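What follows is each chain in one-letter form.
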Amino acid sequence: MTDLLEIFDPKAPPRAIGIDLGTTNSIVAYVKNEKPCAVVDCDGQALLPSVVFYGHQGNVVVGRNAALHAAESPRETIVSVKRFMGRGAGDPETKRLGPYAFAKPKPGDPNTIFFDVHGKSITPVEVSADILRTLKRLAEDELRSIGGAVITVPAYFDDAQRQATKDAGRLAGLDVLRLLNEPTAAALAYGLEKKQNGKFAVFDLGGGTFDVTILVLDDGVFQVRSTGGDSALGGDDMDRALAHEIFQLSGHDSDAASPSEVRVALDLARRVKHALTTATEVELENPFAKQPSSFVVTRARFNALIEPLLARAGTVCRCALKDAELGAAELDGVILVGGATRVPAVRAYVSKLFGKEPLSDIDPDQVVALGAAVHANLLAGQSTNDEVLLLDVIPLSVGIEVGCGVVDRILPRNTTIPTAARATYTTQQDNQTGFEIHVVQGERELAADCRSLAHFTLRGIPPMPAGIARLEVTFRIDADGLLGVHAREQSSGKEQAVSVKPSYGLDEQTIEQMLLDAIDHGEEDLMLRRLAEARIEAHRIVTSTRKSLASDADLLAAGEKERIESALVTLEKVAAEAQANDVRRLQLHIEDLDAATKDFAGRRMNRSIARAIEGKKLDAIEGAVKNSKGIEAAHAPPTNATKES
């Protein structure tokens, strides 16, 4: 059957897109015929691994091909960058088991994390921007022209982490319409798909973050009652716990492990975690032993390792229910979101915690992106459904530091956004001519224990006795959850307004320079990308050919091995030395190797066919051929629409 092609209308407006920028995988989606659908790549995959590899020559590789470099180049291959977004250089996340080298911030630099890659400092914002750029390119390949984007963030992301995400979107060249909380996005997709009303908990356990949101769905109104979470809890922590176990079982000291060994252990742990979803035990070859040996990891042991992580999630859930003034029995359902919710122990824990089987009939890996696409479509005015209203909340309180370092909360957590509130303060000393305003976020009583968001000074206040001046401070939080502060001294009229740029992030000048650099080096970056892809293809072909030479050497004709070896050596040399403008030359040498191995490959194919049919009757072979043709037709990839330039 021939697939129908979608007719491209050149006058059609750009499509709005939704992006789930995930810790482990990322997805871009859009609405087609009033239904959200994920964009797939040329291999039919919707999930793009959130992995970025930085090569020696400045080439950047994103996704599955980047993951191939993780073992050999662990410090140049950034995995789970979302865990580092909006965090400071001294954050505990930089001290956990991992293969990265971190550069020290230079004097005058913002207090942010810098990955040391080939002696160059790269921020998490830049890494995330490279992932978003790839998602944007995928969407453009399918939609021709894209409009604004809604990017999802964990509900418990603070102002710094949200600002870092928005900066990454801008750096990638996206028009960011809105930052949308991930659980709210999931509820939006679920509520519109299932047309269900009621009180729901969204349990969102992804690769690097955990959120729980309690909300009410009522005929298109999505009202968040409370939210809670832990932005340092997720599947990555399960991997780390398993990696420590693997080091212990293999007799290898994790503290003395090299970056490559750490990456091997973490990747192996992730594969074991996935395997234990269906299996009760997994036997592993010891990756660090000099002599072949193996050991077994059981599901029971894995469950014991992650029990403390589940307990942390349970505490957050109970607090969210208390804030929403609901009991677990009053909920109509629990929606599962995030890849880590596939772990059987997680599902069993959620069932026990809430007293009901969780709902997971929409793919937990895609549901956030689908909800983001729905919201993007609504914001862009491209939807016929105008009866949807989102009422989200702020995850953490915001306020200012007052006398003795105490925090005065101006907007408490779980306040519906967008919102505004004001408070009035006075002076503590006679003849005070200015106010130092320190904006903080968090639930602790002392400013030193909360997240510092901004410092600014309101000057020029007339000298007055203590207690006479009146400072009115207004906080406004927009629909993205980002904060603006306005301060005004009432008697003098002196005022100042600031859009809070967090202490842990990139300043405006740095972002603008990055945007200019992206424009200036756009063509060069594209050439480097093509070179990286050609190198990967060359490496794949060289590896495959050498294996074939070793396994079927007896099929080589006289002088054939020398010709193939010569082509292999030349291709390897060209691939190693190629510059950005040498892509075509590299492709020609790939073709030369293909020509040199053509006859040899044919003889290998004949041998494989002969072995497959040896000892079988003719009618059995004919039946197998008919079956294989039927299977091939049933799984044929859809025909791609012709692109118009």
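Keep in mind that what you see is a predicted model, and the values were worked out from it rather than measured.

Caption draft 1: The arrangement of the nonpolar core in detail. One finds Phe-203, Phe-210, Ile-214, Met-238 and Phe-354 to be the most contacted residues of the largest nonpolar core, which totals 50 residues. Beyond its immediate sequence surroundings of up to four residues, Met-238 is in contact with Leu-205, Lys-273, Phe-302, Ile-306, Leu-309, Ala-340, Val-343 and Val-346. Ranked by size, the runner-up nonpolar core spans 46 residues in total, among them Val-52, Phe-53, Ala-168 and Ala-532.

Caption draft 2: Summary view of the sheet that holds strand S6 (residues 60–62). Sheet architecture is open: three strands sit in the order S6-S5-S7, paired in antiparallel fashion. Every interior strand has two partners, whereas the edge strands, S6 and strand S7 (77–79), have only one. Averaged over all pairs of adjacent strands, the angle between their axes in this sheet comes to 20°, without regard to strand direction. Bridging between strand S5 (residues 51–54) and S7 involves three bridges; their strand directions are antiparallel. Paired with Val-51 across the strands is Val-79, a residue of S7. Packed on one face of the sheet, helix H2 (residues 124–143) meets S5, S6 and S7 and runs near 110° to S5.

Caption draft 3: Expanded view of the sheet that holds strand S24 (residues 434–441). Strand order in this open sheet of four strands is S21-S20-S24-S25, and the pairing throughout is antiparallel. Strands with a single pairing partner mark the edges of an open sheet, and in this sheet they are strand S21 (407–411) and strand S25 (451–459). For this sheet the average axis-to-axis angle between neighbouring strands, irrespective of direction, equals 30°. Direction of pairing for strand S20 (residues 398–401) relative to S24: antiparallel, over a ladder of three bridges.

Caption draft 4: Molecular detail of helix H8 (residues 344–354). Burial in H8 covers these residues: Ala-345, Val-346, Val-350, Ser-351, Leu-353 and Phe-354. On the buried face of H8, the contacting elements are strand S13 (198–205), helix H5 (235–249), helix H7 (299–323) and strand S18 (333–337). Immediately downstream of H8, the backbone of Gly-355 shows phi near 75°, a positive value.

Caption draft 5: Examining the environment of Val-485 more closely. For Val-485, the location among the structural elements is in strand S27 (residues 483–489). Taking the C-alpha atoms as reference, Val-485 lies 8.4 Å from Gln-496; in sequence the two are 11 residues apart.

Caption draft 6: Geometry of the side chain of Ser-50. With respect to the secondary-structure elements, Ser-50 resides in the loop between strand S4 (48–49) and S5. Looking at Ser-50, its side chain comes within polar contact range of the main-chain oxygen of Gly-22, at 2.9 Å. Among all residues touching Ser-50, those that are not within four sequence positions of it are Gly-22, Thr-23, Thr-24, Asn-25, Ser-26, Ile-78, Val-79, Ser-80 and Ile-131.

Caption draft 7: Highlighting the pattern of salt bridges. Using the criterion set out here, one finds 24 salt bridges in the structure. Asp-130 is the partner of Arg-133 in a salt bridge, and the nearest nitrogen-oxygen pair spans 2.6 Å. With Arg-133 and Asp-130 both in helix H2 and three residues apart, the pair spans about one turn of that helix. Accessibility expressed as a relative area gives 24% for Arg-133, which makes it partly exposed. For Asp-130, a relative accessible area of 14% gives the class buried. Here Glu-591 ties to Arg-584 by a salt bridge, and the two come within 3.7 Å at their closest N and O atoms. Bridged by salt links that share partners, the residues Asp-236, Asp-239, Arg-270 and Lys-273 form one connected network.

Caption draft 8: Main features of the confidence of the model for the protein chain. Considering every residue of the protein chain, the mean pLDDT works out to 82; 86% of them sit at 70 or more. With pLDDT under 50 throughout, residues 1–5 is counted as low confidence; its partners more than four residues away or in other chains account for six contacts. In this model, residues 628–645 is a region of pLDDT below 50 whose contacts with residues beyond four sequence positions or in other chains number 12 contacts.

Caption draft 9: The arrangement of the state of the cysteines in detail. As enumerated under the stated definition, the model contains zero disulfides in all. Looking at Cys-317, it has no disulfide partner, and the nearest cysteine sulfur is the one in Cys-319, 9.4 Å off.

Caption draft 10: Focus on the environment of His-118. Tracing the sequence through the fold places His-118 in the loop between strand S9 (114–117) and strand S10 (120–122). In the structure, His-118 is positioned 42 residues away from Glu-76 in sequence and 7.4 Å away in space, judged by C-alpha atoms. With sequence-adjacent residues up to four places away left out, His-118 is seen in contact with Tyr-54, Gly-55, His-56 and Glu-76. A distance of 2.9 Å separates a polar side-chain atom of His-118 from the backbone oxygen of Tyr-54. A polar atom in the side chain of His-118 sits 3.4 Å from the side chain of His-56.

Caption draft 11: Spotlight on the packing of H7 against H8. H8 packs onto H7 with a crossing angle of 35° between their chain directions and a minimal axis gap of 9 Å. Crossing angle aside, the handedness with which H7 passes H8 is right-handed. Residue-level contacts link Arg-299, Asn-303, Ile-306, Leu-310, Ala-311, Gly-314, Cys-317, Arg-318 and Leu-321 of H7 to Pro-344, Ala-345, Val-346, Tyr-349, Leu-353 and Phe-354 of H8.

Caption draft 12: A look at the packing of H5 against H7. Running from N to C, H5 and H7 point in directions that differ by 130°, and their axes come no closer than 10 Å. Relative to H7, H5 is oriented oblique. Crossing hand, H5 versus H7: right-handed. For the pair formed by H5 and H7, the contact residues are Asp-237, Met-238, Ala-241, Leu-242 and Glu-245 on the first element and Arg-301, Phe-302, Leu-305, Ile-306 and Leu-309 on the second.

What counts and what doesn't
Residues numbered from 1 in each chain as written. Predicted model: local features only at pLDDT ≥ 70, side-chain atom pairs only at ≥ 80, totals over all residues. Heavy atoms only, no water. Core = buried A, V, L, I, M, F, W, Y, C linked by side-chain atoms within 4.5 Å. Buried < 20%, exposed > 50% of the residue type's maximum accessible area, 1.4 Å probe, protein only. Contact = heavy atoms within 4.5 Å. Pairing = 2+ DSSP bridges. Helix = DSSP H or I, 4+ residues; strand = E, 2+ residues; numbered from the N terminus. Axes fitted to C-alpha atoms, helices over the stretch in contact; angles between N-to-C directions. Polar contact = N/O pair within 3.5 Å; in protein donor to acceptor, adjacent residues only side chain to side chain. Salt bridge = Lys/Arg side-chain N within 4 Å of Asp/Glu carboxyl O. pLDDT = per-residue confidence, 0-100. Disulfide = S-S within 2.5 Å. Left-handed = near helix turned anticlockwise from the far one by under 90°. Parallel < 35°, antiparallel > 145°, perpendicular 65-115°, else oblique.

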